[in-house]
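Structural description and commentary
So you can see what is in the structure, the chains are spelled out below.
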Amino acid sequence: MKPYAKKRFSQNFLIDPNILRKIVQTINPQPDDFIIEIGSGKGALTDLLLKSSAIIHAIEIDDDLIPDLQQKFSKTSNFTLHYADALTLNFTSIAPKKHKIRVVGNIPFNITSPLLFKIFENAKIIDDVHFLVQREIARRLCAVPKTKEYGILSVITQFYGSPTITFDVSPKVFRPIPEVYSSLVSIKIQPVINNSEFQQNYHTVVRTSFGKRRKILRNSLSDLLINKSGDCPIDLVRRAESLNVEEFINLTHWLYDSN
Ligand code: SAM
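Residues numbered from 1 in each chain as written. Predicted model: local features only at pLDDT ≥ 70, side-chain atom pairs only at ≥ 80, totals over all residues. Heavy atoms only, no water.

1. Some thoughts on the layout of surface pockets
The space that makes up the largest pocket amounts to roughly 490 Å³. Around the largest pocket sit 33 residues that line it, and Phe-9, Gly-39, Glu-60, Asn-106 and Pro-108 are the ones nearest its centre. Where the lining of the largest pocket is concerned, the elements lending two or more residues are strand 1 (13–14), strand 2 (34–38), helix 2 (44–50) and strand 3 (55–60). The residue makeup of the lining of the largest pocket, split by class, is 19 nonpolar, nine polar and five charged. For the second largest pocket, the calculated volume is near 290 Å³. Residue lining of the second largest pocket: 13 residues in total, with Lys-7, Asn-12, Ile-177, Pro-178 and Glu-179 positioned closest to the centre. (1 Å grid on protein atoms, 1.4 Å probe; cavity = no way out; pocket = protein on both sides within 12 Å on 5 of 7 lines; lining within 4 Å. Points joined across faces, edges and corners; volume = space filled by probe spheres on them. Helix = DSSP H or I, 4+ residues; strand = E, 2+ residues; numbered from the N terminus. Nonpolar A, V, L, I, M, F, W, Y, C, P; charged D, E, K, R; others polar.)

In structure tokens, the structure reads:
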């Protein structure tokens, strides 16, 4: 019996060869690339990626899909399958020592945010990311200050790289058909500051600032402002949604650097 699509794993399989080709054209895999594909599914994208001769490590959580994937690509030497949860598999343990990895996929919508945070945690070993995500999420990743889409995901993502939306994808190209449009988002990973302690502090400042989105910074950051004196480079009467990445960086320096 053929495995049916499972909602709990956000299974919406791509069935349109043109869209699959466009995604692979955007990724532009090269023979010496090391690519992790999140959620191989029935292998539609995997198949095209493998043709580039890049080394492909596919991660799939659904044990019903594993036997077909193993069989389909059994003779393909550049393919490794990980029957695992992409959120818990240690990327460092499978990545080559010599060069950075690329991470791609028509990703399960229910794990988009935690997966992105995992990518950022592993920023040192990742070159770029190409994810098909819900269009609304794609807009949030690329949003600019003072818009309703702008929030934690925008400010954190834009600290780690420059997200761009390459194209939108109609629900009709998936089976089963989802309720929303998707977009292919590409992010070249280049953290503004490559220091993990600073990155932790930056996350704390961004999350705390947006925790009470409508409040002015002086109120939302009140716990972090205890014992803080001197002139803050950012006017604390402003709201989180008006600050760009550079301003959040300046605010983090001021809050955490000892001087
Ligand atoms: N790549 C295939 C395609 O484009 O047709 C499948 C995409 S489907 C949207 C998402 C895939 O991710 C499913 O095969 C699902 O089982 C798998 N998946 C869901 N959660 C996962 C997780 N935590 N780790 C790894 N794979 C996961």
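That covers the picture; the talk isn't over yet.
2. What to know about the domain arrangement of the protein chain
Split into domains, the protein chain comes out as domain 1 (7–189) and domain 2 (196–257). Centre-to-centre separation of domain 1 and domain 2, based on C-alpha positions: 32 Å. With 13 residues of domain 1 at the interface, the matching set in domain 2 holds 16 residues. Buried surface at the junction of domain 1 and domain 2, both sides included, amounts to about 1300 Å², of which 69% is carbon and sulfur. Linking domain 1 with domain 2 are zero salt bridges. Where domain 1 touches domain 2, the interface holds four residue pairs in polar contact (both at pLDDT 80 or more). Per-class residue counts for the side of domain 1 that touches domain 2 are eight nonpolar, three polar and two charged. (Domains from an automatic or database assignment. Contact = heavy atoms within 4.5 Å. Buried area = accessible area lost by both parts, 1.4 Å probe. Salt bridge = Lys/Arg side-chain N within 4 Å of Asp/Glu carboxyl O. Polar contact = N/O pair within 3.5 Å; in protein donor to acceptor, adjacent residues only side chain to side chain.)

3. Let's talk about the nonpolar core
Ile-38, Phe-131, Phe-248 and Leu-251 are the most contacted members of the largest nonpolar core, which totals 56 residues. The element that contributes the greatest number of residues to this core is helix 11 (residues 245–256), accounting for six residues. Taken domain by domain, this core gets at least three of its residues from each of domain 1 (7–189) and domain 2 (196–257). Of all hydrophobic cores here, the second largest spans 25 residues; its members include Ile-19, Ile-35, Leu-45 and Ile-66. (Core = buried A, V, L, I, M, F, W, Y, C linked by side-chain atoms within 4.5 Å. Buried < 20%, exposed > 50% of the residue type's maximum accessible area, 1.4 Å probe, protein only.)

4. Some words on the packing of aromatic side chains
Scanning all chains against the criterion turns up nine aromatic pairs. With a centroid separation of 6.2 Å and an interplanar angle of 20 degrees, the aromatic rings of Phe-159 and Phe-198 are classed as stacked. Remark: Phe-198 occurs in helix 8 (residues 196–211) and Phe-159 occurs in helix 7 (residues 152–160); sequence separation between them is 39 residues. Side by side, Phe-159 and Phe-198 carry an identical accessibility label, which is buried. Every member of this aromatic cluster is reached through a ring pair, and the members are Phe-117, Phe-120, Phe-159, Tyr-160, Phe-198 and Tyr-202. Sitting over the face of the ring of Phe-167, Lys-22 holds its NZ or CZ atom 4.3 Å from the ring centroid. The ring of Phe-91 is capped by Lys-118, whose NZ or CZ atom sits 4.4 Å from the centre of that ring. (Phe/Tyr/Trp six-rings, centres within 6.5 Å; stacked < 30°, edge-to-face > 60°. Lys NZ or Arg CZ within 6 Å of the ring centre and 35° of its normal.)

5. So, the site of the ligand
Surveying the vicinity of the ligand reveals 21 residues, the closest of which are Gln-11, Gly-39, Glu-60, Asp-85 and Asn-106. Glu-60 is positioned such that a nitrogen or oxygen atom in its side chain is 2.6 Å from an oxygen atom of the ligand. In this structure, an oxygen atom belonging to the ligand sits 2.8 Å away from a side-chain N or O atom of Asn-106. Surface burial for the ligand is 98%, taken as the share of its 600 Å² of free accessible area covered by protein chains. More than half of the atoms belonging to the ligand lie within 2 Å of the grid points that define the largest pocket. (Near = heavy atom within 4 Å. Areas by Shrake-Rupley, 256 points an atom, 1.4 Å probe, with all protein chains shown as cover. Sits in = over half its atoms within 2 Å of the grid points.)

6. Quick look at helix 7
Across the nine residues that make up helix 7, a large majority, seven, are buried. All of the buried residues along helix 7 are Leu-153, Ser-154, Val-155, Ile-156, Thr-157, Phe-159 and Tyr-160.

7. With respect to the pattern of salt bridges
One pass over the full model with this rule turns up 11 salt bridges. Salt-bridge contacts for Lys-51 lead to Asp-47; the nearest nitrogen and oxygen are separated by 3.5 Å. In this structure Asp-47 comes out as partly exposed when scored by relative accessible area, which is 28%. The shortest N-O distance in the salt bridge between Glu-136 and Arg-140 comes to 3.2 Å. You can see Glu-136 and its partner Arg-140 sitting in helix 6 (residues 135–142), four residues apart, about one turn around the helix. Residue classification places Glu-136 among the partly exposed positions, given a relative accessible area of 47%. Counted as one network, the salt bridges with shared partners bring together Lys-6, Asp-62 and Asp-64.

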